[in-house]
Amino acid sequence: MAEIVVPIGPQHPALKEPVNFRVIADGETIVRLELDISYNHRGIEKAAETRDFVHAVPLLERICGICSHSHTTAFVQGIEEAMRVRVPPRARYIRTAVAELERLHSHLLWLGVAAHEIGFNTLFMWTWRDREVVQDLLEAISGNRVNYGVNEVGGVRVDVPERVVARAMKDLSFLGRRIERYGTLVREEPTTLVRFRGVGRLTPDAALALGTVGPTARASGVPYDVRKDDPYAAYDDIPFRVVTQTAGDVFARTLVRIGEMAESVGIVRRSLLDLPGGPLKVTSPRVAPRAEILSRYEAPRGELVHFIRTNNTDKVERLDVRTPTLANWTSVVSSLRGHPLADLPVVVAAIDPCLSCTSRIAIARPDGTGTTSMTWDELRDHGKRYYRATEGL
Amino acid sequence: MSLSRRLVAWARGKSPWIFLFNSGACNACDIEILAAITPRFDVERLGILAKGSPRHADILIVTGPVTRKQAARLRRVYDQMPEPKYVIATGACGANGGVFQGLYHVLGGADQVVPVDIYIAGCPPRPDEIIDGIAKCVALIKADARRDGRVTRRSGPAPPQEAVG
Amino acid sequence: MTRSAAWTADRVSAAMQGLGTGESVAANRVRVSVPAARVLEALARTRDRLRCDHLIQIATVDTGTTFELHYHLTGAHRGIVSIRVELPRDAPRIRSAHGILPPAALYERQIHDLFGIEFEGHPDLRRLILNEDWPESEYPLRKDWVMDPGKSYGGAAKEVG
Amino acid sequence: MDPLGIVAYGLLFPGLVFLIGYALFFEFVDRKLAARFQSRVGPPLLQPFADLVKLLSKEDVDTEGSDATAIRAILILAFAAVATAFLYVPVLGPSPLAFQGDLVVVLYLFTLPTILLFLLGWLSRNVFGTIGGTRALTQLFIYEVPLFLVLLGPAIAAQSWSLSGIAEAQRASGWAVVAQPIGFLVALIGLQAKLERAPFDLPEADTELVAGPWTELTGRKLAMMRLTMDLALVVGSGLVAALFLGGPSVPWVVEPAWLAAAAGFAAFLGKTLGILVVLATIRSAMGRIRMDQLDAFGWTVLTGAGILQIGLVLVLGGGGGG
């Protein structure tokens, strides 16, 4: 059958955000995938160089609407490391609590969108109804549903009074029960199983070689988690488990995210109960000395990196942001080949792309022409051989 | 006013179908609009449906500052919509580019590319504020339908309209 | 805060014999400055001898006089190795690292678009970050680049319906 | 029946006007149930009517290069096919237009919209429409065989080819669903697939193909298409109710003729709404399956059950009858 080019995006109901796929499909199966993002590239890094640390935080908070706390925490921790400022423990605990609440609402959001991708709207509505509980909690703590404005250089701007902690405990136990309910639902509901299991499979070494991060990598058994590898905020003092699976397909990523939600509930409960006393922030100098910091953070979608270079002024000399979805796109292209068109939204949704973060990535067309990129070919052929061997495609 | 025009005004007010277009936003507004569709706010009780194709929609909700790359596509989507069509620009970005104003890859508010009828303030506006914006746009739709043309637009805060039928 | 495995500078220097010396810049991060021509060799050694299999990021800095590329790598040992390379400002060229680290193809394409650094051997360096009709050879993230109001940078013209 | 009565029957009461009203009410019940399952409030009663009127008042855009007249003809044909099929479905009692063999006519008229949907997708010169159209056609081949196989079960049991005749026969021999439960289940699943509702809404899969063949429809064309799908829902439920649940008949005998007709009509409403509730539950409970999975499910499970059911009917005579 002649190859037809299916343009999906940049405006498409399956995509919550503008990404453009040129899918070259043979009938229903995808032959090749060209990906083109950066429709919401705004040039934030250029702007960050013209704003001092106080004004940069609101700008960086709006890189991405879902993981706004991630970007501000990574940036602020980088600047604090450059200024050698010790953040008071109460601030570190509050940052951890808000970070895990953000992971909770982001994963619930993702579970709904993934269910919507396969047409299962009831689960989409249920998960988003429960997500409102997390939003209320965040609003109780920070006053905002989105873009909470919790962080500033040297500490946090909001306090968590006793009554909010009490209310949080009640909400968290409700959320714990709901997350357990979704865990069993996803394992038992036939159409979800049929549409998720075995789709977009990534072997552990393919996951590593393609540079995947976060739940996408952990679903293939790669146990990288910045909260354990390079602990920040209060992750040293709070015990939690890094959730991993081995199958590496969309179903495994769902299980990893549901497991992580259960862990997050535990972390938030622990961090709010053991909230140490003391000040919320410490006065930090206006100017950061000459330094070069690599600030890493475990965002809901994976490892987020802020490379900050300061030069003895109150502005950053250079801020280079590498977002988790940027790293995960490579795996989408290679794992989608040979899949039916119907799987494209599911596999894309499986890495939970946050395009506002990834306003810059583009994948070279992996059609393997020419000899210059032999290793790239070997990797892809290995992927295909692995797929054919195990899948019998 | 003839019965048929009143009937059309009632029908258009009762079934405003929206089409969500992200013209380079940080997706906070998009998520809040989606939250408006989910059980707690549930806009389907007002007859509002989120449609997949611009051909099926009456209201185009634009979120985010218009980036250079998305501008041509926003224009094309707007042109594809059948008349009578309305545009709601969401949040500070929709108004004038918000916090991203002046960045090299950003054109500014949605009105740089498409004529905007209603602006919703906020960064991001809460779901109930978005529903209020849609309700004001529905009032505009009904006024247009009754006049069988376009009521003159006033640029300024929306007048306190009578109870939205 | 406890840091992960003690990652000493001399272990890195031993692995990078003849290329550069390791210099500890953070508790778990060691930086090695390497001549631009031998960056691929340095990356290969980091991946093989120092068992770094995950490319965190290729950070780019325009210091006004030169371009700096920082390849940050990590592995199961949780230590971070940063390979630092300096490129002249006038004709910044470097070998593409996608052969050794496939995700590099991704980051290099973005750097090419925003900084104008040429990556030889890159399979597909088409324009992607900026809009299609963004003027050629205008690299917005360079320190000396300023938006020239007279010039048109693409995107839809101001035809409001 | 005198010609005037037939025209009144066809156009007014159980004909077009009632059909459109009942179809809109069906859409309301369907969306309201789906919303309630999702713990949402759901649309008001007159919502489908408002949608219809609004769409009729919208600008009718014809995509450049697409054959506008052909598309309009297709839509009118699809609407007419489904509306005519309803004439043979027994509503008050046996339909006055019934004749031996009207079951075949109804099944044919009921299949026509899907083929026209394929043509619509093909003509709309939109890649999503083309793929949506081909999916509609492939899906047609998959569920058509088991659905028709199973729908013929009650006909064989009642030894009659007239839909009203079969419904009448069940007055004596009891509802066919008792003797042919598998047939009833397969009929419901087949109906869900024919109406392209979740989990079989592949042609119009909004997250993959925008809106499938419907992507380019606007204004009046979209209104006509949505109405046709609602009509198909009513006709489908009426068909399954007549074949398996005894149609507009009430188990005990009602003396005066007009009361019998009223009781029959009430039974018809109750049974079709019952079927709608089942279809709406299926719609909310499941996600969409892929084409190859639909293929496997259709040919193995559905067709197998269909053949088994027909075998049973032939062997056991399917609950006496005749």
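As the structure is a computational prediction, the values presented were derived from the model and not from experiment. (Residues numbered from 1 in each chain as written. Chains lettered and ligands numbered in written order. Predicted model: local features only at pLDDT ≥ 70, side-chain atom pairs only at ≥ 80, totals over all residues. Heavy atoms only, no water.)

Draft legend 1. Expanded view of the overall build of chain B. Counting secondary structure elements, chain B contains 5 helices and 7 strands. Shown N-terminal to C-terminal, the secondary structure of chain B runs as helices and strands in the order α-β-α-β-β-β-α-β-α-β-β-α. The C-alpha atoms of chain B give 15 Å as radius of gyration, which agrees with the globular expectation for 165 residues (15 Å, within 12%). With the C-alpha coordinates aligned to their principal axes, the bounding extent of chain B is approximately 50 × 35 × 30 Å. Evaluated residue by residue, chain B yields a buried proportion of 62% over its 165 residues. Carbon and sulfur atoms make up 54% of the accessible area of chain B, which amounts to about 5800 Å² in all. For chain B, the centre of its 22 positive side-chain charges and the centre of its 15 negative side-chain charges are spaced 4 Å apart. (Helix = DSSP H or I, 4+ residues; strand = E, 2+ residues; numbered from the N terminus. Rg over C-alpha atoms; globule rule 2.2 N^0.38 Å. Buried < 20%, exposed > 50% of the residue type's maximum accessible area, 1.4 Å probe, protein only. Areas by Shrake-Rupley, 256 points an atom, 1.4 Å probe, with all protein chains shown as cover. Lys, Arg positive; Asp, Glu negative; His and termini not counted. Charge placed at Lys NZ, Arg CZ, Asp CG, Glu CD.)

Draft legend 2. Spatial organisation of the sheet that holds strand β5 (residues 80-88) of chain C. All names here are of chain C. Pairing is mixed across the open sheet formed by 5 strands, whose spatial order is β1-β2-β5-β4-β3. If you trace the sheet from one side to the other, it starts and ends with β1 (22-26) and β3 (54-62), each paired once. Going across the sheet, the axis of each strand differs from the next one's by a mean of 25°, ignoring polarity. Where strand β4 (residues 66-74) and β5 come together, 9 bridges link them in antiparallel fashion. Bridge pairing in β5 links Leu73 to Val81. The strands touched by helix α2 (residues 39-48) within the sheet are β4 and β5, with β5 carrying the most contacts at an inclination of about 175°. (Pairing = 2+ DSSP bridges. Axes fitted to C-alpha atoms, helices over the stretch in contact; angles between N-to-C directions. Contact = heavy atoms within 4.5 Å.)

Draft legend 3. Structural detail: the packing of aromatic side chains. By the definition in use, this model includes 20 aromatic pairs over all chains. Sitting above the plane of the A:Trp110 ring, A:Arg257 keeps its charged end 4.4 Å from the centroid. Above the plane of the ring of D:Phe110 lies D:Lys194, whose end atom (NZ or CZ) is 5.4 Å from the centre. (Phe/Tyr/Trp six-rings, centres within 6.5 Å; stacked < 30°, edge-to-face > 60°. Lys NZ or Arg CZ within 6 Å of the ring centre and 35° of its normal.)

Draft legend 4. Layout of the nonpolar core. The biggest cluster of nonpolar side chains holds 128 residues, and the ones touching the most others in it are A:Phe75, A:Leu104, B:Ile59 and B:Ile134. For this core, the element with the most residues is helix α4 (residues 89-117) of chain A, which contributes 15 residues. A domain-level breakdown of this core finds at least three residues from each of domain 1 (3-40 + 326-391) and domain 2 (52-321) of chain A. Setting aside residues up to four positions removed in sequence, A:Phe75 forms contacts with A:Phe53, A:Ala56, A:Val57, A:Leu60, A:His306, A:Ile308, A:Val316 and A:Leu319. Listed in part, the 89 residues of the second largest apolar core include D:Leu137, D:Ala155, D:Trp214 and D:Ala242. (Core = buried A, V, L, I, M, F, W, Y, C linked by side-chain atoms within 4.5 Å. Domains from an automatic or database assignment.)

Draft legend 5. Molecular detail of helix α3 (residues 68-83) of chain A. Helix length check: α3(A), at 16 residues, gives a terminal C-alpha distance of 23 Å against a target of 22 Å (1.5 Å per residue), a fit within 8%. A:Arg84 sits one or two positions beyond α3(A) and adopts a positive phi of about 50°. (Expected span 1.5 Å × (residues − 1).)

Draft legend 6. Structural detail: the sheet that holds strand β8 (residues 316-322) of chain A. Residue and element names in this part refer to chain A. If you trace the 3 strands from one edge of the open sheet to the other, you get β6-β7-β8, paired in antiparallel fashion. Of all the strands in the sheet, just β6 (291-299) and β8 have a single pairing partner and so form its edges. Ignoring which end each strand starts from, the neighbouring axes of this sheet average 15° apart. Where strand β7 (residues 302-310) lies against β8, 6 bridges are found, and the strand directions are antiparallel. The residue bridging Ile308 from the neighbouring strand is Leu319, located in β8. α3 rests against β6, β7 and β8 of the sheet, and its axis sits at about 150° to β6.

Draft legend 7. Quick look at the environment of A:Asp249. Residues and elements named next belong to chain A. Relative to the assigned elements, Asp249 resides in the loop between α10 (226-229) and α11 (250-273). Accessibility expressed as a relative area gives 3% for Asp249, which makes it buried. Between the alpha carbons of Asp249 and Asp236 there is a distance of 31 Å; along the sequence they are 13 residues apart. When residues no more than four places from it in sequence are discounted, the contact partners of Asp249 are Phe196, Arg197, Gly198, Val199, Gly200 and Arg201.

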